[in-house]
Amino acid sequence: MAAQLIIATGNLHKLKEIREIFSSPGLVLVGLDGVPGAPEVEEDRDTFESNAIKKAATLAAFSGAWTMADDSGLEVDALGGAPGIYSARYAGEPADYAANNVKLLRELSGDTTRSARFRCVIALCTPAGAVRTVEGCCEGRIATAERGIGGFGYDPLFIPEGHATTFAEMTAEAKNAISHRGRALATAAVEWRDRLHALIESSP
Ligand code: ITT
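Residues numbered from 1 in each chain as written. Predicted model: local features only at pLDDT ≥ 70, side-chain atom pairs only at ≥ 80, totals over all residues. Heavy atoms only, no water.

Caption draft 1: Expanded view of the overall build of the chain. Along the chain, the regular secondary structure elements total 6 helices and 6 strands. Taken from N to C terminus, the helices and strands of the chain fall in the order β-α-β-α-β-α-β-β-β-α-α-α. The globule rule puts the C-alpha radius of gyration for 204 residues at 17 Å, and the 17 Å found for the chain is close to it. Principal-axis analysis of the C-alpha atoms gives the chain an extent of 60 × 30 × 25 Å. (Helix = DSSP H or I, 4+ residues; strand = E, 2+ residues; numbered from the N terminus. Rg over C-alpha atoms; globule rule 2.2 N^0.38 Å.)

Caption draft 2: Molecular detail of helix H6 (residues 193–202). Those residues of H6 not exposed but buried are Leu196, Leu199 and Ile200. The buried residues of H6 occupy an angular sector of 95° when the element is viewed end-on, so they sit on one face. Those residues of H6 that are exposed and angled more than 90 degrees off the buried face are Asp194 and Ser202. In this structure, the buried side of H6 is in contact with strand E1 (3–7), helix H1 (12–22) and strand E2 (27–30). (Buried < 20%, exposed > 50% of the residue type's maximum accessible area, 1.4 Å probe, protein only. Arc of directions from axis to C-beta. Contact = heavy atoms within 4.5 Å.)

Caption draft 3: Representation of the site of the ligand. Lining the immediate surroundings of the ligand are 22 residues, of which Thr9, Glu43, Lys55, Asp155 and Lys175 lie closest. Taking Asp71, its side chain carries an N or O atom lying 3.2 Å from an oxygen atom of the ligand. At the level of elements, strand E3 (67–76) and helix H5 (180–191) are the ones that each hand at least two residues to the shell around the ligand. If you tally residues by element for the shell around the ligand, the top one is E3, at 4 residues. When the residues that make up the shell around the ligand are grouped by side-chain class, the tally is 5 nonpolar, 8 polar and 9 charged. (Near = heavy atom within 4 Å. Polar contact = N/O pair within 3.5 Å; in protein donor to acceptor, adjacent residues only side chain to side chain. Nonpolar A, V, L, I, M, F, W, Y, C, P; charged D, E, K, R; others polar.)

Caption draft 4: Fine view of unusual backbone geometry. Following Ala82, the chain continues into Pro83 via a peptide bond in cis, with omega recorded as 0°. Structurally, Pro83 is set in the loop between E3 and helix H3 (97–107). Between Glu93 and the following residue, Pro94, the backbone shows a cis peptide bond with an omega angle of -15°. The topology assignment puts Pro94 in the loop between E3 and H3.

Caption draft 5: Inspection of the side chain of Ser87 at higher detail. Tracing the sequence through the fold places Ser87 in the loop between E3 and H3. Ignoring sequence-local partners within four residues, the contact set of Ser87 consists of Gly73, Leu74, Asn100 and Tyr154.

Caption draft 6: Region of interest: the state of the cysteines. Here the structure, examined in full by the defined rule, presents 0 disulfides. Looking at Cys120, it has no disulfide partner, and the nearest cysteine sulfur is the one in Cys137, 10 Å off. The cysteine Cys137 is free of any disulfide, with Cys138 supplying the nearest cysteine sulfur at 7.1 Å. (Disulfide = S-S within 2.5 Å.)

Caption draft 7: Representation of the sheet that holds E3 within the structure. One open sheet holds the 6 strands; their spatial order is E2-E1-E3-E4-E5-E6, and the pairing between them is mixed. Bordering the open sheet on either side are E2 and strand E6 (158–160), each of which pairs with just one other strand. Neighbouring strand axes in the sheet, compared pairwise and without regard to direction, differ in orientation by 35° on average. The sheet contact formed by strand E5 (residues 131–142) and E6 spans 3 bridges and is antiparallel. Across the sheet, Arg141 pairs through a bridge with Ile159, a residue of E6. Across the sheet, H1 lies against E1, E2 and E3, angled at about 110° from E3, the strand it touches most. Those strands touched by H5 are E3, strand E4 (115–125) and E5, and its axis lies near 150° from that of E5. (Pairing = 2+ DSSP bridges. Axes fitted to C-alpha atoms, helices over the stretch in contact; angles between N-to-C directions.)

Caption draft 8: Looking closely at the pattern of salt bridges. According to the stated counting rule, one finds 16 salt bridges in the structure shown. For Glu75, the salt bridge is made with Arg117, and the minimal N-O distance between the two is 3.7 Å. With Glu75 in strand E3 and Arg117 in strand E4, this residue pair connects regions lying 42 residues apart in the sequence. With a relative accessible area of 17%, Glu75 lands in the buried category. Residues Asp77 and Arg117 are paired through a salt bridge, measuring 3.0 Å at the closest nitrogen-oxygen approach. Of this pair, Asp77 sits in the loop between E3 and H3 while Arg117 is found in strand E4, placing the two residues 40 residues apart along the sequence. In this structure, a network of salt bridges that share partners links the residues Lys14, Glu17, Asp70, Asp155, Lys175 and Arg181. (Salt bridge = Lys/Arg side-chain N within 4 Å of Asp/Glu carboxyl O.)

See below:
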């Protein structure tokens, strides 16, 4: 028996991390390349949670399969919580990780308060419209220059609390063990265990 769970993200880095963290026997995590004609979802809500729910609910209704979506971002205290829900396109359209990092360093130049956190909300939605969410957070600070080549997005600038290296200088396993996404999915594995088990059991 293998149940399909759609992962509603166009971000292949997120998909890779979700697969690394959340794979389990009997569950096949299907990316959007496995959903022909999948609609683009406009992220026009004002919280991580409501954007994650919108992405998961839209794809669950379209595909007829259980769907998970991740909405995440970086909150920087000295910038009043920016870029927050606008993290992907902080430096404008189209989304550009390098330009985002240049802008973040520029906005923080001279700032000694560099505390920040990554937040992640994961939504799980059934085709019938039942929704549940989990959250994960990782506290840290913004480096004064980019360091490392691993990960994606703001990883070269984010130093998690209790560490001296950026996420981009860590192995994928080390990042996933403490990241916002890793923490959200660890909660999901516990809170959604019975639901996911029932999905696996009911699959042909
Ligand atoms: P989907 O909506 O298709 O999932 P997206 O990249 O647009 O892809 P979001 O709207 O949730 O996703 O934006 C998340 C952005 O926050 C992402 O593009 C990065 O800039 C940043 N981000 C989130 N998690 C990150 C991580 O683990 N490491 C580095 N940057 C991260």
